[in-house]
There are 2 protein chains.
Amino acid sequence: MTERLVVVGGGAAGMSAASAARRVDPDLDILVLEASGYAAWGLCGLPYYAGGVVGEPDTLVSHPPDWFREVRGIDLQLHTRADALEADRCVVTLDDGTEVGYTSLIVTSGAAPVLPPVAGLDDDRVFTVRTLESAIALRRLLDAGDVRRCLVVGAGYIGLEMAESLVAQGCEVTIAELLPQVMATLDADVAEVVETTVRAHTDLRLGVALRGLWAAPHLVAELADGIRLDVDAVVVATGVGPRATIASAAGAATGPGGALLVDDAMRTSLPDVFAAGDCIAAYHRVLGGPAWVPLGPTANKTGRVAGTVAAGGSARFAGVVGTAVCKVFELTVARTGLTLAEARAHGLAATATDSMARSRAKYYPGVEPTRTRLVHGPDGRLLGAQMVSADPATAKRIDVIATALHAGFDVAALADLDLSYAPPYAPVYDPVLRAAQAVPR
Amino acid sequence: MTERLVVVGGGAAGMSAASAARRVDPDLDILVLEASGYAAWGLCGLPYYAGGVVGEPDTLVSHPPDWFREVRGIDLQLHTRADALEADRCVVTLDDGTEVGYTSLIVTSGAAPVLPPVAGLDDDRVFTVRTLESAIALRRLLDAGDVRRCLVVGAGYIGLEMAESLVAQGCEVTIAELLPQVMATLDADVAEVVETTVRAHTDLRLGVALRGLWAAPHLVAELADGIRLDVDAVVVATGVGPRATIASAAGAATGPGGALLVDDAMRTSLPDVFAAGDCIAAYHRVLGGPAWVPLGPTANKTGRVAGTVAAGGSARFAGVVGTAVCKVFELTVARTGLTLAEARAHGLAATATDSMARSRAKYYPGVEPTRTRLVHGPDGRLLGAQMVSADPATAKRIDVIATALHAGFDVAALADLDLSYAPPYAPVYDPVLRAAQAVPR
């Protein structure tokens, strides 16, 4: 049998893996099995496509399928679902029963939405916005002009991005969130700042589950507080979980939340089986162990490592520090490392120091207050940060702190950084430096 | 004699020093001698005041003089110039002959403009924009509506910021620069990108000195290429040098360019004499030795260290990595570490890798090409970076690389960073990561 690399999943991780493998080995037989009708598209762009910022769905696709086939020599099969894996026989089975053999396998099966336990979610006016098909269907409904009132279920970052997109198109939006705060990825008191902004644009209902959904014939949603809403569309963004069963059912070891455990070369516990993207638990440098943080950059990087190593090259993944950013209406909301709640949940002695600083010179147009929470140990060890500001540079300020986390800096070393200064971009002490200075010594 | 701290200079470094000393010792006698009529103002704001972004000069002042006197108990004397120092007698002499004794002295005498060797610079339509008084006079001339054509001499960052401010007010601006490139703080081929933008807004003349200036009665400027220009105002921004003679004449050791040498607590070689701000050579972490990099954040930080230690507290300055940013019309131009030219001038084996990347998701409004030059050793050691883009987040992207320089990262570690991603802020691989990926392994 000739060498054949099979990649399950043609998303960011899968296509990164296939392309990296091709770079290592120009002659390798590379087959990608993608269940949907699209490959190499960015999940993170869906709210912007649904919201009309992106005109055509093709814009979200990095390269069309034929480009992978013709330019990269990658056999990309769309509408092809791999259902089962037998690692001892080196075979995956498709949903039509066909068996596909491999010498190396990379599982990039991604994440699946965790849906609320109610009936009615199969209505064609209910969208999960986890596939390009779902976003196209929502876009079509919006373009038909039939959507005036919307319910978004879930106030995590996807729910809030979708709410913003819908409001921008003139929809009245209600958001129902089961938890008592928006953005569970933030500490509750930081999330309150975001909550205020969300309330200014939407009807936000916290601590309220979706109880039921009826087509009567227009959609009626009932919330746990008894409120009934007549809506034209529902977006369900109640979170995701790793879609790892194809490998875990075959015996691959799993970790946090059922995500696949991998080493720094993306090897699973099964021989010749690699995994990458949203279905794996990546090494978290601040925790010093695996964590499930499903985000685009990690999918791309781990895919690249898996493809490189599977094709015989050398690479390793350096891990994540939990960096993320989200635009929530006029706010930029960013985090890295651990929140105070996460640090304490992991048994770390941690404290939070909050500070406020201007984002630019006080007289320069566009200056915005920037709120920073630094999470640190009693010894000054830097554990994480959260920042909220209407200045978009906040996204890159969190990256400075992420870099400090990679370096293992303490708060004092953060305060020592030689950061750029000019009135249009920062005050003489950047908010990052102010945040570090605010920590009691 | 009671303990008395005397600070020479009431700029950013001087007032930071005095304030830090007060925090350490509530009872210390603190005297600040400032030659001009203003203290605690930001030099970096002058182009924006001259350009009308800032309405009132007071906006550039962090606190008024009485606030320092009344709230901080700092005896701030304006219009008071210290001329000479006798370190063995612990005395400074004012220009009126008065002797002032100290137990500790902090010299923050700043930098002085280096002027071209031509007559006519004393005309009241010629401005150096190194003092608030000079900026106020220029602003007054502009407000009177008498300025249509301007000459800016010097295409460094102050010259370009001033040119932008004048163009924004409808002036026709000619820029004459002695060197063959704009912004000598960049490598020549990176500066060419900036040059193109500057030429789109001004009449830029490179490699041309100012030969003479006459009041006839309107101003006539003659350039070394023989061109004569009738202008209504001239801004001279031909660079600065350390103003260190008060200490160097008293025997203090000096280093690069005549700047004062200090240890990491800002002690000069003279007993009980500290120095801070633009008159010192700070420790450069990439060079591993002193360098003269006169910028606002360093003035503030070194002032704070000097004041803290002079008052009996403990502090140390961690050094600079040469980070700077400048807005040049629509471009953000940023640098950190060493340029290729600087690295080679210091005898380092260095290479440059240039890359281009998008600043945001390709479909997101405001996406701009971002050009990055990474300077690195043949072993991958990171030595510096230059970035040019119309996306203002570039200022904070350079800070990510500055942080990596503080950490001593190599290019591979830079490529490993877990940076924030969302379509409004970055592509899935941030330009910083793309720049690191572009370096051949």
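Residues numbered from 1 in each chain as written. Chains lettered and ligands numbered in written order. Predicted model: local features only at pLDDT ≥ 70, side-chain atom pairs only at ≥ 80, totals over all residues.

Draft legend 1. Quick look at the overall build of chain A. Across its full length, chain A carries 12 helices and 26 strands. Scaling as 2.2 N^0.38, a compact globule of 441 residues should have a C-alpha radius of gyration of about 22 Å, and chain A matches this with 23 Å. Dimensions of chain A, computed from C-alpha atoms along their principal axes, come out at roughly 70 × 60 × 40 Å. Expressed as a percentage of the 441 residues in chain A, the buried residues total 55%. At a minimum sequence separation of 6, the contacts of chain A that also span at least 24 residues come to 65%. (Helix = DSSP H or I, 4+ residues; strand = E, 2+ residues; numbered from the N terminus. Rg over C-alpha atoms; globule rule 2.2 N^0.38 Å. Buried ≥ 20, exposed ≤ 12 C-beta atoms within 10 Å, placed from the backbone. Contact = placed C-beta atoms within 7 Å.)

Draft legend 2. Seen up close, the interface of chain B and chain A. Listed by partner, the interface residues are 50 residues for chain B and 50 residues for chain A. Sorting the residues of the side of chain B that touches chain A by element identifies α8 (296-310), β22 (324-328) and α10 (394-407) of chain B as the ones contributing at least two each. Broken down by element, the residue count for the side of chain B that touches chain A peaks at 11 residues, all from α10 of chain B. For the side of chain B that touches chain A, the residue count by class is 35 nonpolar, nine polar and six charged. (Nonpolar A, V, L, I, M, F, W, Y, C, P; charged D, E, K, R; others polar.)

Draft legend 3. How the structure looks around the sheet that holds strand β24 (residues 351-358) of chain B. All names here are of chain B. Taken together, the five strands give an open sheet; going across it, the order is β22-β23-β26-β25-β24, and neighbouring strands pair in antiparallel fashion. In the strand order of this sheet, the two ends are held by β22 and β24, each with one partner. Taken pair by pair, the neighbouring strands of this sheet meet at an average axis angle of 15°, ignoring direction. Relative to the sheet, helix α6 (residues 188-201) contacts β22, β23 (331-337), β25 (369-376) and β26 (382-389), its axis offset from that of β26 by approximately 20°. In the packing of α10 onto the sheet, the strands contacted are β22, β23, β25 and β26, and the crossing angle to β23 comes to about 5°. (Pairing = 2+ DSSP bridges. Axes fitted to C-alpha atoms, helices over the stretch in contact; angles between N-to-C directions.)

Draft legend 4. Region of the structure containing helix α10 (residues 394-407) of chain A. All names here are of chain A. For α10, with 14 residues, the first-to-last C-alpha span of 20 Å sits near the 20 Å given by 1.5 Å per residue. For α10, the buried fraction is high: 13 of the 14 residues fall into the buried class. A positive phi of about 70° marks Gly 408, the residue just after α10. (Expected span 1.5 Å × (residues − 1).)

Draft legend 5. Representation of the relation of the copies chain B and chain A in the model. Expressed as a screw transformation, the operator carrying chain B onto chain A has a rotation angle of 180° and an axial translation of 0.0 Å, and the superposed copies differ by an RMSD of 0.0 Å. In short, the pair behaves as if placed about a two-fold rotation axis. When you check the interface residues of chain B against chain A, 100% turn up at the interface there too, and the contact is symmetric in its surfaces. (Least-squares fit on C-alpha atoms with pLDDT ≥ 70 in both.)

Draft legend 6. Representation of the domain arrangement of chain A in the model. All names here are of chain A. Along its sequence, chain A is carved into domain 1 (4-112 + 241-310), domain 2 (126-238) and domain 3 (324-438). Placing a centre on the C-alpha atoms of domain 2 and another on those of domain 3 gives a separation of 29 Å. Contact residues are listed per partner, giving 14 residues for domain 2 and 17 residues for domain 3. Counting only elements with at least two residues in the side of domain 2 that touches domain 3, the list comes to α5 (157-168) and α6 (188-201). Ranked by residue count, the leading element in the side of domain 2 that touches domain 3 is α6, at six residues. Here the residues of the side of domain 2 that touches domain 3 are counted per class, giving eight nonpolar, three polar and three charged. (Domains from an automatic or database assignment.)

Draft legend 7. Region of the structure containing the packing of helix α1 (residues 12-24) of chain B against α8 of chain B. Residue and element names in this part refer to chain B. Direction vectors running N to C along α1 and α8 enclose 35°, while the axes themselves pass 7 Å from each other. α1 and α8 meet at a crossing whose hand is right-handed. Across from Ala 12, Ala 13, Gly 14, Ser 16, Ala 17, Ala 18, Ser 19, Ala 20, Ala 21 and Val 24 in α1, the residues of α8 making contact are Gly 296, Ala 299, Asn 300, Thr 302, Gly 303, Arg 304, Ala 306, Gly 307, Thr 308 and Ala 310. (Left-handed = near helix turned anticlockwise from the far one by under 90°.)

Draft legend 8. The arrangement of the pairing of strand β10 (residues 149-153) of chain B in detail. Residue and element names in this part refer to chain B. Across the five residues that make up β10, a large majority, four, are buried. Note that β10 and strand β11 (residues 172-177) share five bridges and pair parallel. Note on β11: the bridge partner recorded for Cys 150 is Val 173. Handedness of the crossover joining β10 and β11 through helix α5 (residues 157-168) is recorded here as right-handed. Where β10 lies against strand β16 (residues 233-236), four bridges are found, and the strand directions are parallel. The residue of β16 that forms the bridge with Leu 151 is Val 234. (Right-handed = clockwise from strand over helix to strand, strands pointing away.)

Draft legend 9. Structural detail: the sheet that holds β10 of chain B. All names here are of chain B. Taken together, five strands build an open sheet; the order of strands is β9-β16-β10-β11-β12 and the sheet is parallel. Pairing within the sheet leaves two strands with one partner each, and these edge strands are β9 (126-127) and β12 (203-206). Running at roughly 165° to β11, α5 makes contact with β10, β11 and β16 of the sheet.

Draft legend 10. Expanded view of the nonpolar core. Counting 314 residues, the largest nonpolar core has Ala 275 of chain A together with Ala 275 of chain B as its most contacted members. In contact with Ala 275 of chain B, other than residues within four places in its own chain, are Ile 106, Val 107, Thr 108, Ala 247, Leu 260, Val 262, Met 266, Thr 268, Ile 280 and Ala 306 of chain B. (Core = buried A, V, L, I, M, F, W, Y, C linked by C-beta atoms within 7 Å.)

Draft legend 11. Up close: the environment of Thr 302 of chain B. All names here are of chain B. Along the chain, Thr 302 turns up in helix α8. Assessed through the 30 C-beta atoms surrounding it within 10 Å, Thr 302 is described here as buried. The sequence separation of Thr 302 and Ala 276 amounts to 26 residues, and the corresponding C-alpha distance is 5.2 Å. If we skip the residues at most four places from it in the chain, Thr 302 touches Ala 13, Met 266, Ala 276, Gly 277, Ile 280, Ala 282 and Phe 317.

Draft legend 12. Molecular detail of unusual backbone geometry. All names here are of chain A. For Met 266, which is not glycine, the phi torsion reads 75° and is therefore positive. Look at Met 266 and you get buried, because 32 C-beta atoms sit within 10 Å. Positive phi, normally seen in glycine, also occurs at Asp 272, with a value near 65°. Assignment of secondary structure puts Asp 272 in the loop between β18 (260-261) and β19 (273-275). With 15 C-beta atoms counted inside 10 Å, the residue Asp 272 sits in the partly exposed group.

Draft legend 13. Structural view of the environment of Thr 370 of chain A. Residue and element names in this part refer to chain A. Within the element layout of this structure, Thr 370 appears in strand β25 (residues 369-376). We classify Thr 370 as buried; it has 27 C-beta atoms within 10 Å. In this structure Thr 370 touches Ala 357, Arg 358, Ser 359, Met 387, Ser 389, Asp 391, Thr 394 and Pro 431, once residues within four positions along its chain are discounted.

Draft legend 14. Examining α6 of chain B more closely. All names here are of chain B. The end-to-end C-alpha separation of α6 is 20 Å, in line with the 20 Å expected for 14 residues at 1.5 Å each. Maximal helix bending in α6 amounts to about 25°, located at Val 194. All buried positions along α6 are accounted for by Val 190, Ala 191, Val 194, Glu 195 and Val 198. (Bend = angle between axes of the 7 residues up to and from the residue.)

Draft legend 15. Broad picture of the confidence of the model for chain A. The predicted model of chain A averages 95 in pLDDT, with 100% of residues at 70 or higher. Both scores are available for the predicted complex, with the pTM at 0.97 and the ipTM at 0.97. (pLDDT = per-residue confidence, 0-100.)

Draft legend 16. Local environment of the pairing of strand β2 (residues 29-33) of chain A. Residues and elements named next belong to chain A. By the bridge criterion, five bridges tie strand β1 (residues 4-8) to β2 in an arrangement that is parallel. Pairing of Val 7 across the sheet is with Val 32, part of β2. In this view, the connection linking β1 to its parallel neighbour β2 by way of helix α1 (residues 12-24) has right-handed handedness. The pairing of β2 with strand β3 (residues 75-77) spans three bridges and is classified as parallel. Residue Leu 31 lies in a different strand from β3, and its bridge partner there is Asp 75.

Draft legend 17. Spotlight on the environment of Leu 94 of chain A. Residue and element names in this part refer to chain A. Relative to the assigned elements, Leu 94 resides in strand β5 (residues 91-94). Put simply, Leu 94 and Gly 313 are 219 residues apart on the chain and 28 Å apart in space, counted from C-alpha to C-alpha. The residues contacting Leu 94, other than those within four sequence positions of it, are Thr 80, Arg 81, Ala 82, Asp 83 and Val 100.

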